[in-house]
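Observations on chain architecture
One letter stands for each residue in the lines below.
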Amino acid sequence: MSLFAIGDLHLHFQSVLKAHGQLHAPVWQNHEEILRKNCEALIRPTDTLVLVGDHSWGKNLEECERDLAYICALPGRKILLRGNHDMFWDAKKTDALNRLFEGKLFFLQNAYAPYQDYAIVGTKGYTFEGPFFLRGKKIVGWDKEAEAHAEKLIERELERLKISFEAARADGFSRFIMFLHYPPTSILESNSAFTAMAEAYGAEQVIYAHCHGESRFHDSIEGRHHGITYRLVSGDYLRWMPARIL
Ligand SMILES: [Fe+2]
Ligand SMILES: [Fe+2]
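First, a word on scope: everything that follows refers to the structure included in this document. Along each chain, the written sequence defines residue order, and numbers are assigned to residues from 1. Note on labels: chains are lettered from A, ligands numbered from 1, in written order. Residues qualify for local features only when their pLDDT is at least 70, as the model is predicted, and side-chain atom pairs are given and counted only at 80 or more; totals for whole chains, interfaces and linings, by contrast, use all residues.

Some details on the overall build of the protein chain
Numbering of helices and strands runs from the N terminus; a helix is a DSSP stretch of H or I covering at least four residues, while a strand is a stretch of E covering at least two. When its secondary structure is counted, the protein chain shows six helices and 13 strands. For the protein chain, the C-alpha radius of gyration of 17 Å lies close to 18 Å, the compact-globule estimate for 246 residues. Along the three orthogonal principal directions, the C-alpha set of the protein chain runs to about 50 × 45 × 30 Å. Counting the 246 residues in the protein chain, one finds 40% classified as buried. Placing a C-beta atom from the backbone of each residue, one calls two residues in contact when those atoms lie within 7 Å. Across the protein chain, contacts joining residues at least 24 apart in sequence account for 79% of those joining residues at least 6 apart. As defined in this context, the radius of gyration uses C-alpha atoms, and a globule is described by 2.2 Å times the residue total to the power 0.38. Residues are called buried when their C-beta atom has 20 or more other C-beta atoms within 10 Å, exposed when it has 12 or fewer, and partly exposed otherwise; all C-beta atoms are positioned from the backbone.

Comments concerning the packing of helix 5 (residues 144–170) against helix 6 (residues 193–201)
An axis is simply a line fitted to the C-alpha atoms; with a helix, the fit covers only the stretch in contact. Between two such axes, the angle follows the N-to-C directions and lies from 0 to 180 degrees. Taken N-terminus to C-terminus, the directions of helix 5 and helix 6 make an angle of 15°; their axes are 11 Å apart at the nearest point. Relative to helix 6, helix 5 is oriented roughly parallel. Taken as a pair, helix 5 and helix 6 cross one another with a handedness that is right-handed. Across the interface between the two elements, Ile154, Leu158, Leu161, Lys162 and Phe165 of helix 5 pack against Ala193, Met197 and Tyr201 of helix 6. In terms of residue class, the contact of helix 5 with helix 6 is made up of seven nonpolar, no polar and one charged. Throughout, the term roughly parallel applies to angles under 35 degrees, roughly antiparallel to angles over 145, roughly perpendicular to angles from 65 to 115, and oblique to all others. Take the far helix as the reference: if the near one is turned anticlockwise from it by less than a right angle, the crossing is left-handed, and if turned clockwise, right-handed. Three classes are used: nonpolar for Ala, Val, Leu, Ile, Met, Phe, Trp, Tyr, Cys and Pro, charged for Asp, Glu, Lys and Arg, and polar for all others, with Gly counted as polar.

Thoughts on helix 6
When we look at burial in helix 6, the residues that qualify are Phe194, Thr195, Ala198 and Tyr201. Here the buried residues of helix 6 occupy an arc of 135° about the axis, which is enough to place them on one side. For helix 6, the elements touching its buried residues are helix 5, strand 9 (175–180), strand 10 (203–208) and strand 12 (228–232). Following helix 6 by one or two positions, Gly202 adopts a phi angle in the positive range, close to 70°. Note that the arc is defined by the directions from the helix axis to the C-beta atoms.

Some words on the pairing of strand 9
By the criterion of burial, strand 9 is predominantly enclosed, with five of the six residues buried. By definition, two strands form a pair when at least two bridges between them are found by DSSP. With six bridges joining them, strand 6 (residues 118–123) and strand 9 adopt parallel strand pairing. Opposite Ala119, over in strand 9, you have Phe176 as the bridge partner. Two elements, strand 9 and strand 10, share five bridges in a ladder whose sense is parallel. When the bridges of strand 10 are listed, Phe176 appears paired with Ala203. Seen with its strands pointing away from the viewer, a crossover is right-handed when the path leading from the first strand over the helix to the second is clockwise. This β-α-β element, strand 9 to helix 6 to strand 10, shows right-handed connectivity.

Topic: the nonpolar core
Under the definition applied here, buried Ala, Val, Leu, Ile, Met, Phe, Trp, Tyr and Cys residues are grouped into a nonpolar core through C-beta atoms within 7 Å. One finds Val52, Ile120 and Phe176 to be the most contacted residues of the largest nonpolar core, which totals 57 residues. Broken down by element, the residue count for this core peaks at five residues, all from strand 9.

Description of helix 5
How far a helix is expected to stretch is found by multiplying one less than its residue total by 1.5 Å. Compared with the 39 Å implied by 1.5 Å per residue over 27 residues, the 39 Å span of helix 5 between its first and last C-alpha is a close match. Every buried residue of helix 5 is accounted for by Glu157, Leu161, Ser164, Phe165 and Ala168. Contacts from the buried residues of helix 5 go to strand 6, strand 9 and helix 6. Positive phi appears at Gly172, one or two residues downstream of helix 5, with a value of about 95°.

Regarding the sheet that holds strand 4 (residues 105–107)
The mixed open sheet is built from five strands, whose spatial order is 4-3-2-1-13. Strands with a single pairing partner mark the edges of an open sheet, and in this sheet they are strand 4 and strand 13 (243–244). The pairing of strand 1 (residues 3–6) with strand 13 spans two bridges and is classified as antiparallel. Paired with Phe4 across the bridge in strand 13 is Arg244.

Details of unusual backbone geometry
For the peptide bond that leads from Gly130 to Pro131, omega is 15°, which places it in the cis range. For His10, which is not glycine, the phi torsion reads 45° and is therefore positive. Its location among the elements puts His10 in the loop between strand 1 and helix 1 (20–24). Residue His10 is classed as buried on the basis of its C-beta count, with 24 C-beta atoms lying within 10 Å. The phi torsion at Gln116 lies on the positive side, around 50°, for a residue other than glycine. Under the C-beta neighbour-count criterion, Gln116 is labelled exposed, with 10 such atoms within 10 Å.

These figures capture arrangement, not role.
Right, here's the structure in full:
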């Protein structure tokens, strides 16, 4: 039994492709087929695959039907996190989504998923991504209004993450693998409220996505940091080969 993760599939079987890079970059050519073949070679029915957000470009559930059917058909148990582009998934209506896909997909929000003696916890997260004002390559300022807005979103996501950890703890779990769609730190930070929460609950690993395109791969923490392993699992970074987490 193994635990795998990958994020940012950005499927668009029915919807309009919104990212220029996805149209032209070689790594995105036929990526659905490459990922499907990699999953079929790697993942057994008893394994678990966590999909770390940005599943589909569809604006609503109707436009995501074929994208979600593709995910359903991948091998193993599938757990999904919300990404910033997942417009089909209203956080407040997660229960309805879980009822709709019962036995096929688990949409993780304000909850946890057991994996052996671990609890898989997580939320979308958030990081401040600017706009920054640059002098050469040096950041000399940023948009204060955007920063204040980011702080509100971070607070809300921290609350959701805490609910996820506490739900697992209440059921007796003490070992955690923490998932975020956004990276745990912005490019300005080496620690954040998310890394602090991971440390406070003793998460063993923090797995995140969202950073795709080569220029973004090293925006946040990778490797060991204060006793926790941090890993980026965006699909293009992994070249569509899911990462083995446990
Ligand atoms: Fe993405
Ligand atoms: Fe994203």
